[in-house]
Amino acid sequence: MDKKVAWSFSALSVFRTCRKKFYHLKIARDVKDGDSEAAAEGKLVHDCMFKRVIKGTALPLGLKPHEKTAAAYADRIKACDDAQGEIKLCLNDRLEPVEWFAKDAWVRAVVDLLMLKGTTAILVDWKTGKRKDNFEQLKLSAALLSRYMPEIEKFVLVFEWLRDKERSSITITKDEMKGVWLELLPQVMEIEEAKKTTDFPATPSGLCGWCPVTSCPHWFDKDDR
């Protein structure tokens, strides 16, 4: 039996946007998605916020506008039972926790900041782009975390919109995790079906100039525009 494709929220997003790109990145693995300037900036911000909040390392000069937010979380974790950053979570297809690169790794998620207090878990995601209150990503992270920590009853999901200095959040319970899986698994099944039928058509869009699949007939050189 063919090995199932390991997925994540970002992988699902690529599949929804363009199946051909997904195929080359995740199935054939004959291209790599190069870092855009925005992606590189996002990685830097995430790394620096982790070091500031968890380790107390000062933010670099260019990120000082985020100091108030970082300092607030650094103070807040003092009242928590535990707090960790950049948590990597991975399950196999039996929803059992496994190592990140395990042979049977099936779904992965990374939590930027996790704060635990009693039976409540607070999952924080640092966002550097435009505000989009789609909590599907954090719901998936909570669903994975629930398999690691079945004692958690309540999950507070928080987006910190660093550019706009805004925050959005929702709360879900352990009992709602079944619904999270029921929402996402049909999409995962679409990936498996596409793999069986090799149905990975291209979906042209304004993003084609940034796509690493330069062999696609819809690709164009963004610098020529």
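Each chain carries its own residue numbering, running from 1 in the direction its sequence is written. A pLDDT threshold of at least 70 governs which residues receive local features in this predicted model, and a stricter bar of 80 or more applies before side-chain atom pairs are shown or counted, although totals over entire chains, interfaces and linings include all residues. Side-chain metrics in this entry use all non-hydrogen atoms of the structure; hydrogen atoms and water are not considered.

Further remarks concern helix H1 (residues 9–17). Only protein chains enter the accessibility calculation, which uses a 1.4 Å probe; a residue whose area is less than 20% of its type maximum is buried, one above 50% is exposed, and one in between is partly exposed. Think of it this way: any DSSP run of H or I at least four residues long counts as a helix, any run of E at least two long counts as a strand, and we number them from the N terminus. Listing the buried residues of H1 in full gives Phe9, Ala11, Leu12, Val14 and Phe15. We call two residues in contact whenever any of their non-hydrogen atoms come within 4.5 Å of each other. Buried-residue contacts for H1 involve helix H2 (19–27), helix H5 (136–148) and helix H6 (177–197).

By secondary structure assignment, the location of arginine 94 is in the loop between strand E1 (82–91) and strand E2 (107–117). C-alpha of arginine 94 to C-alpha of aspartate 104: the two residues are ten residues apart in sequence and 9.6 Å apart in space. N or O atoms closer than or at 3.5 Å make up a polar contact, with two conditions inside protein: a donor-capable atom paired with an acceptor-capable one, and, for residues adjacent in sequence, both atoms drawn from side chains. Engagement of the side chain of arginine 94 in a polar contact is seen with the side chain of glutamate 96, the distance being 3.2 Å.

Looking at helix H4 (residues 67–76), one finds that the buried residues are Thr69, Ala70, Tyr73 and Ala74. Down the axis of H4, the buried side of the element spans an arc of 135°, and every buried residue falls inside it. By definition, the arc is the one covered by directions from the helix axis to the C-beta atoms.

What follows covers the packing of H1 against H2. For helices, the fitted line uses only the C-alpha atoms of the stretch in contact; every axis is such a line through C-alpha atoms, and the angle between N-to-C directions lies from 0 to 180 degrees. Contact pair H1 / H2: the axes reach a minimum separation of 5 Å and the direction vectors enclose 135°. Between H1 and H2, the angle is such that the two are oblique. Within the contact between the two elements, H1 uses Ala11, Val14, Phe15 and Thr17 and H2 uses Arg19, Lys21, Phe22, Leu25 and Lys26. Of the residues assigned to the contact of H1 with H2, the class counts are five nonpolar, one polar and three charged. In these notes the angle categories are as follows: under 35 degrees is roughly parallel, over 145 is roughly antiparallel, 65 to 115 is roughly perpendicular, and the rest is oblique. Under this grouping Gly is polar, as are all residues other than the nonpolar Ala, Val, Leu, Ile, Met, Phe, Trp, Tyr, Cys and Pro and the charged Asp, Glu, Lys and Arg.

Here we take up the packing of aromatic side chains. Note on aromatic contacts: the rings of Phe and Tyr and the six-membered ring of Trp form a pair at centre separations within 6.5 Å, being stacked when their planes are under 30 degrees apart, edge-to-face when over 60 apart, and tilted otherwise. Scanning all chains against the criterion turns up seven aromatic pairs. Look at tyrosine 23 and phenylalanine 200: their rings are 5.2 Å apart centre to centre, the planes differ by 45°, and that puts the pair in the tilted class. With a gap of 177 residues between them, tyrosine 23 in helix H2 and phenylalanine 200 in the segment after H6 connect regions that are remote in the sequence. The class for phenylalanine 200 is buried, based on a relative accessible area of 12%. Between tyrosine 73 and tryptophan 126, the aromatic rings sit 5.3 Å apart at their centres with planes inclined by 90°, giving edge-to-face as the arrangement. Of this pair, tyrosine 73 sits in helix H4 while tryptophan 126 is found in strand E3 (residues 120–127), placing the two residues 53 residues apart along the sequence. Side by side, tyrosine 73 and tryptophan 126 carry an identical accessibility label, which is buried. Counting every residue linked through ring pairs, the aromatic cluster contains Phe15, Phe22, Tyr23 and Phe200. Throughout this description, the term charge over a ring refers to an Arg CZ or Lys NZ atom that lies within 6 Å of the ring centre and within 35 degrees of the ring normal. Here the guanidinium or amino end of arginine 108 rests over the ring plane of tryptophan 100, the centre of that ring lying 5.5 Å away.

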